Every structure is written in structure tokens, then in C-alpha cells.
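This is what each chain is made of:
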Amino acid sequence: MTFINLNNVNLEFPIYNTQAFSLKNSILNATTGGMLRKREKNTYIVSALKNISFSLQEGDRLGLIGHNGAGKTTLLKLLAGIYSPSSGNVETKGKIATLFDILLGARDDMTGYEGLYVSSLVRGKSVAESKHALSKMAEFTELGDFLNVPMRTYSSGMKLRIGFAVATEGTPDILLIDEVFGAGDQNFVNKSRERLMSLIERSGILVFSSHSEALLKKLCNKIMVLEHGEIKAIGETEEVLSFYKNSIG
Amino acid sequence: MLSFNLVLYDIYECFKKRKIWTTLSYWDIKTRYRRTVIGPFWLTLGMAITVLGLGLVSSSIFKISIQEFLPYISVGIVMWTYISTVIVEACSVFTSQASIIHNVKMSYFLYVVTMISRNIIILFHNMLVIVIVFIVCRQPVSTEIFWFFPGFILLIFNSFWVSILLGVFATRYRDLASIVSHLTTLTMFVTPIMWKPNMLEGSRKIIATLNPFAHMISLVRDPLLGQVPSLESYLIMIGMLVVGLALSLWVYKKYIHRVVFWM
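Residues numbered from 1 in each chain as written. Chains lettered and ligands numbered in written order. Predicted model: local features only at pLDDT ≥ 70, side-chain atom pairs only at ≥ 80, totals over all residues. Heavy atoms only, no water.

*Asks:* Looking at this model, I keep getting lost on the overall build of chain A. Mind explaining?
*Replies:* Counting its secondary structure elements, chain A contains 8 helices and 10 strands. Split into buried and exposed, the 249 residues of chain A put 50% on the buried side. Here the contacts in chain A between residues at least 6 apart in sequence split such that 72% fall between residues at least 24 apart. For chain A, the accessible surface area stands at approximately 11600 Å², while carbon and sulfur atoms represent 48% of it. (Helix = DSSP H or I, 4+ residues; strand = E, 2+ residues; numbered from the N terminus. Buried < 20%, exposed > 50% of the residue type's maximum accessible area, 1.4 Å probe, protein only. Contact = heavy atoms within 4.5 Å. Areas by Shrake-Rupley, 256 points an atom, 1.4 Å probe, with all protein chains shown as cover.)

*Asks:* Explanation requested: the overall build of chain B in the structure shown.
*Replies:* If you tally the helices and strands in chain B, you get 12 helices and 0 strands. If you list the helices and strands of chain B from N to C, you get α-α-α-α-α-α-α-α-α-α-α-α. Relative to the compact-globule value of 18 Å for 263 residues, chain B shows a C-alpha radius of gyration of 19 Å, a close match. Its C-alpha atoms put chain B at 55 × 50 × 35 Å along the principal axes. Every one of the 263 residues in chain B was classed for burial, and the buried ones make up 53%. Taking all contacts inside chain B whose residues are at least 6 apart in sequence as the whole, residues at least 24 apart take part in 78%. (Rg over C-alpha atoms; globule rule 2.2 N^0.38 Å.)

*Asks:* Hey, could you run me through the interface of chain B and chain A in this one?
*Replies:* Accessible area lost on assembly of the parts is the figure often given for the size of an interface. The interface is formed by 25 residues belonging to chain B together with 30 residues belonging to chain A. Between chain B and chain A, the buried area comes to about 2500 Å², and carbon and sulfur atoms account for 61% of it. On the chain B side of the interface with chain A, the three residues burying the most area are Trp27, Asn103 and Phe261 of chain B, jointly 27% of the side's total. Where chain B packs against chain A, one counts 2 salt bridges. Where Arg107 of chain A meets Asp28 of chain B, a salt bridge forms, and the shortest distance between an N and an O atom there is 2.9 Å. Between chain B and chain A we count 6 residue pairs in polar contact (both at pLDDT 80 or more) in total. For the side of chain B that touches chain A, the elements supplying multiple residues, two or more each, are α2 (18–32), α5 (98–101) and α12 (259–262) of chain B. If one sorts the elements of the side of chain B that touches chain A by residue count, α2 of chain B sits on top with 7 residues. (Buried area = accessible area lost by both parts, 1.4 Å probe. Salt bridge = Lys/Arg side-chain N within 4 Å of Asp/Glu carboxyl O. Polar contact = N/O pair within 3.5 Å; in protein donor to acceptor, adjacent residues only side chain to side chain.)

*Asks:* Even after reading the chapter, I still don't get the nonpolar core, so can you show me in this structure?
*Replies:* As a rule of thumb, nonpolar side chains are buried together in soluble globular proteins. Grouped together as the largest cluster of nonpolar side chains are 157 residues, with contacts concentrated most on Phe54, Leu75 and Val207 of chain A together with Phe94 of chain B. If sequence neighbours within four positions are ignored, Phe54 of chain A has contacts with Ile4, Asn5, Leu6, Leu62, Leu75, Leu79, Met224, Ile231 and Ile234 of chain A. (Core = buried A, V, L, I, M, F, W, Y, C linked by side-chain atoms within 4.5 Å.)

*Asks:* I would appreciate a short explanation of helix α4 (residues 66–90) of chain B in the present structure.
*Replies:* Every α-helical turn comprises 3.6 residues, leaving residues that sit three or four positions apart pointing alike. Between its first and last C-alpha atoms α4 of chain B spans 35 Å; for 25 residues at 1.5 Å apiece the expected length is 36 Å, and the two agree. Most of α4 of chain B sits inside the fold, with 19 of its 25 residues counted as buried. (Expected span 1.5 Å × (residues − 1).)

*Asks:* So what exactly am I meant to see when it comes to the layout of surface pockets here?
*Replies:* Picture a little ball the size of a water molecule; that probe, rolled over the atoms, points out where space is still empty. Looking at the largest pocket, its volume works out to about 1600 Å³. Forming the boundary of the largest pocket are 50 residues, of which Ala80, Gly81 and Ile96 of chain A together with Glu13 and Lys105 of chain B lie nearest the centre. Looking at the lining of the largest pocket, the elements with two or more residues in it are α2 (72–80), β5 (87–93), β6 (96–99), α4 (127–141) and α5 (156–167) of chain A together with α1 (4–16) and α2 of chain B. A breakdown of the residues in the lining of the largest pocket according to their chemical character gives 24 nonpolar, 13 polar and 13 charged. (1 Å grid on protein atoms, 1.4 Å probe; cavity = no way out; pocket = protein on both sides within 12 Å on 5 of 7 lines; lining within 4 Å. Points joined across faces, edges and corners; volume = space filled by probe spheres on them. Nonpolar A, V, L, I, M, F, W, Y, C, P; charged D, E, K, R; others polar.)

*Asks:* What is the right way to read the environment of Ile11 of chain B from this model?
*Replies:* Residues and elements named next belong to chain B. As for its position among the elements, Ile11 is in helix α1. Under the relative-accessibility criterion, Ile11 is labelled partly exposed at 36%. Placed 99 residues apart in sequence, Ile11 and Leu110 show a C-alpha to C-alpha distance of 8.3 Å. Those residues in contact with Ile11 that lie beyond four places of it in its chain are Phe109 and Leu249.

*Asks:* Which parts of the structure should I look at to understand the packing of aromatic side chains?
*Replies:* Centre distance and the angle of the planes are the two values used to describe a pair of aromatic rings. Applying the stated rule across the entire model yields 19 aromatic pairs over all chains. Geometrically, the ring pair formed by Phe13 of chain A and Tyr83 of chain A is tilted, given 5.9 Å between the ring centres and 50 degrees between the ring planes. Note that Phe13 of chain A is positioned in strand β1 (residues 3–16) and Tyr83 of chain A in the loop between α2 and β5, a separation of 70 residues in sequence. Comparing Phe13 of chain A with Tyr83 of chain A, the two get one shared label, buried. Summarising the aromatic geometry, the rings of Tyr26 of chain B and Trp27 of chain B are spaced 5.9 Å apart at their centres and angled 75 degrees between planes, so their arrangement reads as edge-to-face. (Phe/Tyr/Trp six-rings, centres within 6.5 Å; stacked < 30°, edge-to-face > 60°.)

*Asks:* Would you explain the state of the cysteines in this entry?
*Replies:* What makes a disulfide is a covalent bond joining the sulfur atoms belonging to two cysteines. All names here are of chain B. With the rule as written, the count across this model stands at 0 disulfides over all chains. There is no disulfide at Cys14, and the cysteine sulfur nearest it, in Cys91, is 20 Å away. Accessibility expressed as a relative area gives 6% for Cys14, which makes it buried. (Disulfide = S-S within 2.5 Å.)

*Asks:* Quick question: what am I supposed to make of α5 of chain A here?
*Replies:* Relative to the 16 Å expected for 12 residues at 1.5 Å per residue, α5 of chain A spans 16 Å between its end C-alpha atoms, a close match to the ideal helical length. The set of residues buried in α5 of chain A consists of Met158, Arg161, Ile162, Gly163, Phe164, Ala165, Val166 and Ala167 of chain A.

*Asks:* Any chance you could explain the side chain of Thr168 of chain A here in plain terms?
*Replies:* Residues and elements named next belong to chain A. Structurally, Thr168 is set in the loop between α5 and β7 (174–178). A polar side-chain atom of Thr168 sits 2.6 Å from a polar atom in the side chain of Arg195. Leave out the neighbours within four places in its chain, and Thr168 touches Leu99, Arg195, Leu196, Leu199 and Arg202.

*Asks:* So what exactly am I meant to see when it comes to the confidence of the model for chain B here?
*Replies:* Any region with low pLDDT has predicted coordinates that should not be read closely. In the predicted model, chain B carries a mean pLDDT of 93, and 99% of its residues have values of at least 70. If you check the scores for this complex, the pTM reads 0.89 and the ipTM reads 0.85. (pLDDT = per-residue confidence, 0-100.)

*Asks:* Is there a simple way to think about the pattern of salt bridges in this case?
*Replies:* Opposite charge on two side chains allows them to pair when their charged atoms are near. All names here are of chain A. By the definition in use, this model includes 12 salt bridges over all chains. Lys159 is the partner of Asp108 in a salt bridge, and the nearest nitrogen-oxygen pair spans 3.3 Å. Within this pair, whereas Asp108 is found in the loop between β6 and α3 (112–122), its partner Lys159 is found in helix α5, the two being separated by 51 residues in sequence. The partly exposed category is assigned to Asp108, whose relative accessible area is 37%. A salt bridge links Glu142 to Arg161, with the shortest nitrogen-to-oxygen separation between them at 3.8 Å.

Below, the structure is given as C-alpha cells:
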């Protein structure tokens, strides 16, 4: 049984002011983002998520909406298990797949085929599953003989095809998507949209962040509005979307 | 803080997904030497040149015949190369995988094991140099060579805890990587690799007796040269392994889930 259960989850993280981190970015985000406070010299604490509680069952399609830095990506990473909460409980059951960065694990000096295979392993598929899916993924990319050529010769659109083919393979229980991406030529955009839709249909639970109301309406049966890391509203799609429209005026 | 069960689960996950890190470390090496004619044997050739060069210099400084000194120095440099590369790469073991860590949840041990297994593959390529040197120098091999295996296991296991500790703290404190890389260079000269411990006189002997790297190298070098390593060296390295493993697992439990925020 697939489920997601969050109980009173808070997430705070430190940002250290060294050259390795771009503090400028986090200050710029502060105007639109979560709460930022100074702890001690050169250290800032971001309260990225506050008092988040909700649960999802199999079949739920949750859309996340909110302005930049409201905590959508942070919440998705928390659900993926990449971030652990500072307090509260996160319980998830089921195989998780993420669509945050599309191309993952493949490197420029690998050929297209190798990129597909290694990327598939990094995304958590077993060796057998990866080998099995290889021809299917290869066919989807439509790259033909280019799959035998190192990826450093690829255009960014071609690399994206590799990443996308791997990211949308398989049947996850929980699918987490951060924004929607549309790149490549028109023909491929249509094809990849189809593939993405079928992945979403196969998945048990979808959590999906987007700024596009049309997409949210089409894909989701629940919407959550996030603001400064807090749940502003959660409920039926139509209801919450109209609330959101009113609130931003 | 993670519960200890989660630490054990991470270790289990790492074992369960062994196919993944063996594949990843294999690809690391394969792609690095792609389009070269002799491939990863560049590692072997490069090591052979280093060993020969340093062997020529050291044997003439210390006035020892090269035939006698080259086997000693070849084992020392090959093993030291493994140790120093692991130490230096440990500092970036998580930061170099930031893109993956930010996208999928995987046991952090997996990144450590990938790095170590990659270096073991490189070590095996480099050990070919030892074989060649031993054949050319007619170095006799005796049954004491079996003492190599416990030493080798101690070498590998000690690299785990060192990598976890350095990986976590070098992600948090970015100066650590530079400090470690400079200290590693220095350590090579105060460790009996290009010289022998018995060349030290009087109170200077402590350079070799207090240096844990000297004991570690001796555990894998002496058996190949037909000597049984000292019990003292075994005890020191076993002690370091026990204390180091406990410490690194504690650090893992306490800090590993914060690593992603430090990147």
C-alpha cells in the first residue's frame, strides 16, 4: 500500500557565508522565499518548511503552487528522502521516482547507450532492469546511430532526450515532479509529453509543482498552496485554485 | 540524528546495491582512459616510471644496490599512492556527487564505496609494477607472502572510516581539503617509503614508530619482501580500525543527513 504521511514537519537549514556558497542568491531569495534569520556571524538559518502536515493515498495527485522560494522544491526533496526534517515525522511507503534534474549520472565521455545505462542505475534501477529497458529507452530517444557516439558531441536537446528517456522509464509508486520542462523540437515535445502523461498514469501517487494552472487542473485532484514554507491552503483543485487567484489578487 | 538502525540499513542498502557501485567505479576508470591506446595501463606505466625514477635516486643517495632497493621502494610507492589518493579524494567524496545527492536518495556509504573500489581497481593495475620489479630484480618470494592478506584487509577497512570522516567534515569545512592535500604530500616524506626505518638514528626513530602510516605500509610491504610484520604494527592498525570505525559510524549517524545542506 503506497502512502505519504507528514506530521508537523519543520525543516530548517543553515547557510554558511563562505565563498563556496553564494549568499547573494539566498538574500535575493529572501524577498520572495522562506524566513531567513541570522544565527551568528556569517551563518543564516532558513526556515524552509513550517508545520507541514498532510497525507496522501494511492491515486492522489497533489499539485504544489506558490511563488518562487515558497518551499515547493524543498517539500519535494523532503518527500524524496533527500532532506530529513528538523522535527516532525515523514513517512512514505513505495518506490520513489524524482523528476528534478532531468539528466542524471551520465557524463559527456560516455556514449548515448552508456549514458542511458549508467543514468538508469543511478536512478535506482537494478542492473537487470536497466539492461532490459535499454532498447526501449534508446528507441524513445530517436537518436539512432548517435547513441554510439560520445555525448560530448550532443546538443543540449539531445542530452535532454537521454535524461528524459531514463527519468520516465519504469513504474514508480510515488512520482515527484518539479516544474515541467519542455525542450527539444516540437515533435519531441509532443512525444515526451505523451510519455510523461503515461508515466503519471502508471504512478501510484503524484506530487507535482508547477506555476501552470492549466496543467495543475488537468493533472491534479488536490492542490496545496505554499507560502513562506507554510501550507496556506490544501483541498480540491478548483476550490483551492480560485482561492489562490483571489489571494494573489 | 539518525537512529542506529538507519545507519545499519544504509550499510545494508550499500551491500544490496553492490552492482551499482561496482559498475560506477568501473565506468569512472573506463571513461577516464577512453581514446587512449593502452587505456588504464597508463596507470601501470606511469607508476613504473615513478618507481624507477625514485628508485634510482634513492638507491644512489643511500648507496644501496638498485636491485636490492627497487622491490622495497616499488611496494611502498604503490601502497602509498593508494592511501594518499583515497585520503585526498575522500575530501570530495560527497561534494563531487552533489548533482546525484540532490536528486535521488541513496545510502551515503555508496559514494564512499564507489570511490574506494575505484581506487582498489587502480591499485591492482599499479601492483603489476610490483610483479614486474620483483621478476626483474629476482626478488625471492617466500611463504611469508600470505601475511600480505590480513594487512591488505586492514588497509582497505581503515580507508572506509577515514573516508567517511574526511568526507563529512570536508563538506562542512571547505578548508579541510586543502589542509589534507598539503599534509598528505608532507606525510610521504616522513613515512618510510623512499627510505628504510633502520636508516634513522637515535631518538629520530620515533618518526617511524609513531607514524601510523609507517605501520600500515609495513603490514603490506614486509610480507612481500619475505618478512612477517611486527605484532606491534598489527595491534596499532587493528586498534585504529576499531576506534576509527566506531567514531566514523557515530559521525555518520549524527551528521550525515546534514551533508546535503552543506553542499
